[in-house]
Amino acid sequence: MRLLRLLRLLCLAGLVLAAMAAQAATTTDNVSVRYKDPQHFTEAMRSRGVHLVNPDAYLAPLKAHIVQRASRILAPGQRLEIEVTDVVRAGAYEPWRGPDFNDVRIIRDVYPPRIDLNFTLYGADGKVLRQGQRKLRNAAFLSSSSPADQDSLRYEKSLIDNWLRRGADHL
């Protein structure tokens, strides 16, 4: 009797996991994100010498976040194409603090995050519903985050989330 219940539970769990995997695989096909000349982004220009940062270290997770969040707001059949044209991460390096701080990004309100992008939203019929350019900014970025959040891209992801939270009708 117990074995039968356990088998049923395992089968149910397997079906739930398969359904979640199938949904995750299909929902992200409706969002594409590309970076236009990331080597010319403001963040890349600031990344020199001892402050050299591999752009994939922040661009790949940011892209994954955009795809995941944007796919949630689209109606069935809609498609969203985003071209990111500039990224400035929150914070900056302050070399005058000394060599112990060479690889420490100082987060202060004078170094807000910025993301510039172009987007095109397509309907289920393939026609353009909306397109435009957005300059995502949040001067109060420090007061809108939780100290418990330790994600190194939390401020940049918050810009994306705030933009997408308004929904596809406001893109």
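Structure shown above.
Residues numbered from 1 in each chain as written. Predicted model: local features only at pLDDT ≥ 70, side-chain atom pairs only at ≥ 80, totals over all residues. Heavy atoms only, no water.

Caption draft 1: Region of interest: the pattern of salt bridges. Throughout the structure, instances matching the rule amount to 9 salt bridges. The partner of arginine 34 in a salt bridge is glutamate 83, with the nearest N and O atoms 2.3 Å apart. Residue arginine 34 is located in strand E1 (residues 31-35), and its partner glutamate 83 is located in strand E2 (residues 79-88); the two are separated by 49 residues in the primary sequence. Looking at arginine 34, the relative accessible area reads 47%, which means it is partly exposed. Residue classification places glutamate 83 among the buried residues on the basis of a relative accessible area of 14%. (Salt bridge = Lys/Arg side-chain N within 4 Å of Asp/Glu carboxyl O. Helix = DSSP H or I, 4+ residues; strand = E, 2+ residues; numbered from the N terminus. Buried < 20%, exposed > 50% of the residue type's maximum accessible area, 1.4 Å probe, protein only.)

Caption draft 2: Structural detail: the nonpolar core. In terms of nonpolar packing, the biggest core is built from 27 residues, with Leu80, Ile82, Val84, Ile115, Leu117 and Trp163 touching the most fellow members. When contributions to this core are tallied by element, the ones reaching two or more residues are E1, helix H3 (56-73), E2, strand E5 (114-122) and helix H4 (154-165). Sorting elements by how many residues they give to this core places H3 first, with 6 residues. If we ignore the near neighbours within four places in the chain, the residues touching leucine 80 are Asn30, Val31, Ser32, Ala70, Leu74, Phe119, Thr120, Leu121 and Leu171. (Core = buried A, V, L, I, M, F, W, Y, C linked by side-chain atoms within 4.5 Å. Contact = heavy atoms within 4.5 Å.)

Caption draft 3: Representation of H3 in the model. End to end, H3 covers 26 Å across 18 residues, agreeing with the expected 26 Å (1.5 Å per residue, within 8%). Residues Tyr58, Leu59, Leu62, His65, Ile66, Val67, Ala70 and Ser71 constitute the buried set of H3. (Expected span 1.5 Å × (residues − 1).)

Caption draft 4: Region of interest: the sheet that holds strand E6 (residues 128-137). Spatial ordering of the open sheet is given by E1-E2-E5-E6, a layout of 4 strands whose pairing is mixed. Sheet topology places E1 and E6 at the edges, where each strand pairs with a single neighbour. Going across the sheet, the axis of each strand differs from the next one's by a mean of 15 degrees, ignoring polarity. Bridge count for E5 against E6 is 9 bridges, and the pairing is antiparallel. The residue bridging leucine 121 from the neighbouring strand is arginine 130, located in E6. Relative to the sheet, H3 contacts E1, E2 and E5, its axis offset from that of E1 by approximately 155 degrees. (Pairing = 2+ DSSP bridges. Axes fitted to C-alpha atoms, helices over the stretch in contact; angles between N-to-C directions.)

Caption draft 5: Quick peek at unusual backbone geometry. Located in the positive-phi region is aspartate 37, a residue other than glycine, with phi close to 50 degrees. For aspartate 37, the position within the fold is in the loop between E1 and helix H2 (42-46).

Caption draft 6: Structural context of the pairing of E5. The element E5 is largely enclosed, with a buried count of 7 among its 9 residues. Where E2 meets E5, 9 bridges bridge the pair, whose relative direction is antiparallel. When the bridges of E5 are listed, valine 87 appears paired with isoleucine 115.

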